[in-house]
Amino acid sequence: MHDPIPLTVITGFLGSGKTTLLRNFLRQRGGSGIGVVVNELGEVGLDQDLLVHAAEHVELVAQGCMCCARRGDIAKALHDLIRRARRQGGSWIEEAIIETSGMADPAPIIATVLQDPWLRNNVTLRGVITVFDAVEGRRNLTAHPEVVRQIAIGDVVVVTKSDLRGADDRKTLEATIATYVPDAQVFDSHEPGFSLASIIPTMTGSNASRPTKQIESAGHAHETTSFVLPLDGDVDWPAFTVWLSALLHCHGDRILRVKGKLYAASTGKPLIIHGVQHLMYPPVHLEAEPDDDRHSWLVFITSGLARHEITESLDRFLRHAPTAVVDLPGASVERHTQAAGPAA
C-alpha cells in the first residue's frame, strides 16, 4: 500500500505561460520525485521537449483537447506514470502535475480523477493553478469561453506578463478575476520572491474538488483548427523568421498559437519556437540528440485561418528565398471544428 500522491493541475489559455512556470518550478526542485503529464493540442507534442530533461517522469497526451474525448487518455497517462514509478527499481514519485492544453476545460479532467476508482486511491487532488495573461487575459475572457472555465475553477491564479507593455494593472486584473472566483488567491509571477514551490503545498483544492454543475455542463466550443506542417530538411533561420513575422503581423488575431521545432541550417541544432497571436517569444536552443530524426515542423492553432492558406504563403515566400532549404511534403491535419472560412 502507498499513500496517495498529491496532484496539481496547471491550466490557462494558449500562450499564458504555463510551461515557463512549470519549467521554473521543476528547475527549482531539480525535477526529482515529480511526475508530469503534458497535454498538447495537435498531432505533435512540443512541451515535453522543454520538460523531459527537467522532470524524471513525463507522459505526453497529444492529439486532442483535454476537455472531452481525451479524458480516458489522461487517466491512462496517470496510471502509467504512477505504476512505472512504483515498479521494482523505479524511483518514487512524491507528487504529480498535469499541464493542460490551452483550450482545455479543467472540470472534466478533475471529474476523471475524482471518479476513477484506482486514481481515487492513488492520487489526491491538491488543487488547480490557473495561469492568466496580464496582456491578453481580459480580452481572451470575452472571446473564448474556455478561459472563463479555467478561471472559475482555479484555487490559485498566477498572473504572467505583467512586465510587458500593454499589461493591465494589478487592481484591474484582481477585480476581473474576482468576478468569476471571489475567493481565489492571486499572485504575480514577476513579484520578488514568487515561487510555485511555495504556493503548491498550501493549496487545499476547495474549488477543484467541487466543480459546479454550471461549469461541468458548459461544454466546449470547438471553434478552432489545429494542424501540423512538417518541414523536410534544415531551415534557413533568417528567411523563416521574416516569413513568420509577416504572417503574425497580418493574421495574428486568427493565429491563437504557433509552436515548432526547427533545425537551423547554419548550426544543425534544433530550435524551439512559440508565439501567441502577434507576439513571438525568443527561441529556445536545444542540443541535438544522437537519435534526432532531424525533421522540422510547425503546429498552428488557428481560428478562421485554414491550413492551405498558411502552407501556400510559406511556399510562395520560400520560392523567393532560394537559400532556404525546406519542403512541404503534404501537411497532416486534425480539425476540431469546421474552419470559420478563408482569410480575408
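Residues numbered from 1 in each chain as written. Predicted model: local features only at pLDDT ≥ 70, side-chain atom pairs only at ≥ 80, totals over all residues. Heavy atoms only, no water.

Undergrad: What is the right way to read empty space enclosed by the protein from this model?
TA: Rolling a probe over the atoms, with the probe sized like a water molecule, indicates the empty space that remains. Throughout the structure, instances matching the rule amount to 2 cavities of 30 Å³ or more. If you add up the space inside the largest cavity, you get close to 60 Å³. What lines the largest cavity is a set of 14 residues, and nearest its centre among them are Phe13, Ser16, Val131, Phe132 and Asp133. Of all the secondary-structure elements, those providing two or more residues to the lining of the largest cavity are strand 5 (123-133), helix 6 (137-143) and helix 7 (145-152). Residue contributions to the lining of the largest cavity peak at 4 residues, all from strand 5. In terms of residue class, the lining of the largest cavity is made up of 6 nonpolar, 7 polar and 1 charged. (1 Å grid on protein atoms, 1.4 Å probe; cavity = no way out; pocket = protein on both sides within 12 Å on 5 of 7 lines; lining within 4 Å. Points joined across faces, edges and corners; volume = space filled by probe spheres on them. Helix = DSSP H or I, 4+ residues; strand = E, 2+ residues; numbered from the N terminus. Nonpolar A, V, L, I, M, F, W, Y, C, P; charged D, E, K, R; others polar.)

Undergrad: Looking at this structure, I do not really get the pairing of strand 7 (residues 185-188). What am I missing?
TA: One face of the sheet, then the other: side chains in a regular strand alternate in exactly this way. Where burial is concerned, the two faces of strand 7 differ: the one with Val186 and Asp188 is buried and the one with Gln185 and Phe187 is not. Pairing of strand 6 (residues 156-160) with strand 7 involves 4 bridges; the strand directions are parallel. Residue pairing across strands places valine 157 opposite valine 186, the latter belonging to strand 7. For the segment spanning strand 6, helix 8 (residues 170-180) and strand 7, crossover handedness is right-handed. (Buried < 20%, exposed > 50% of the residue type's maximum accessible area, 1.4 Å probe, protein only. Pairing = 2+ DSSP bridges. Right-handed = clockwise from strand over helix to strand, strands pointing away.)

Undergrad: What's the story with the packing of aromatic side chains in this structure? I'm lost.
TA: The description of two aromatic rings rests on the distance between their centres and on the angle between their planes. Evaluated as defined, the whole model comprises 2 aromatic pairs. Summarising the aromatic geometry, the rings of phenylalanine 240 and tryptophan 243 are spaced 5.8 Å apart at their centres and angled 45° between planes, so their arrangement reads as tilted. Residue phenylalanine 240 and its partner tryptophan 243 are both found in helix 11 (residues 237-251); the two are separated by 3 residues, about one turn of the helix. What makes phenylalanine 240 buried here is its relative accessible area of 3%. (Phe/Tyr/Trp six-rings, centres within 6.5 Å; stacked < 30°, edge-to-face > 60°.)

Undergrad: Where do I start with the confidence of the model for the chain in this structure?
TA: Segments scoring low in pLDDT should not have their predicted coordinates read at a detailed level. Predicted confidence across the chain gives a mean pLDDT of 75, with 73% of residues reaching 70 or more. Taken element by element, the predicted model of the chain shows its lowest mean pLDDT in helix 10 (residues 213-216) (36) and its highest in strand 6 (95). Of the regions scoring below 50 in pLDDT, residues 208-222 engages in 36 contacts with residues more than four places distant in sequence or in other chains. Here residues 329-344 scores under 50 on pLDDT; set against residues more than four positions off or in separate chains, the count is 49 contacts. (pLDDT = per-residue confidence, 0-100. Contact = heavy atoms within 4.5 Å.)

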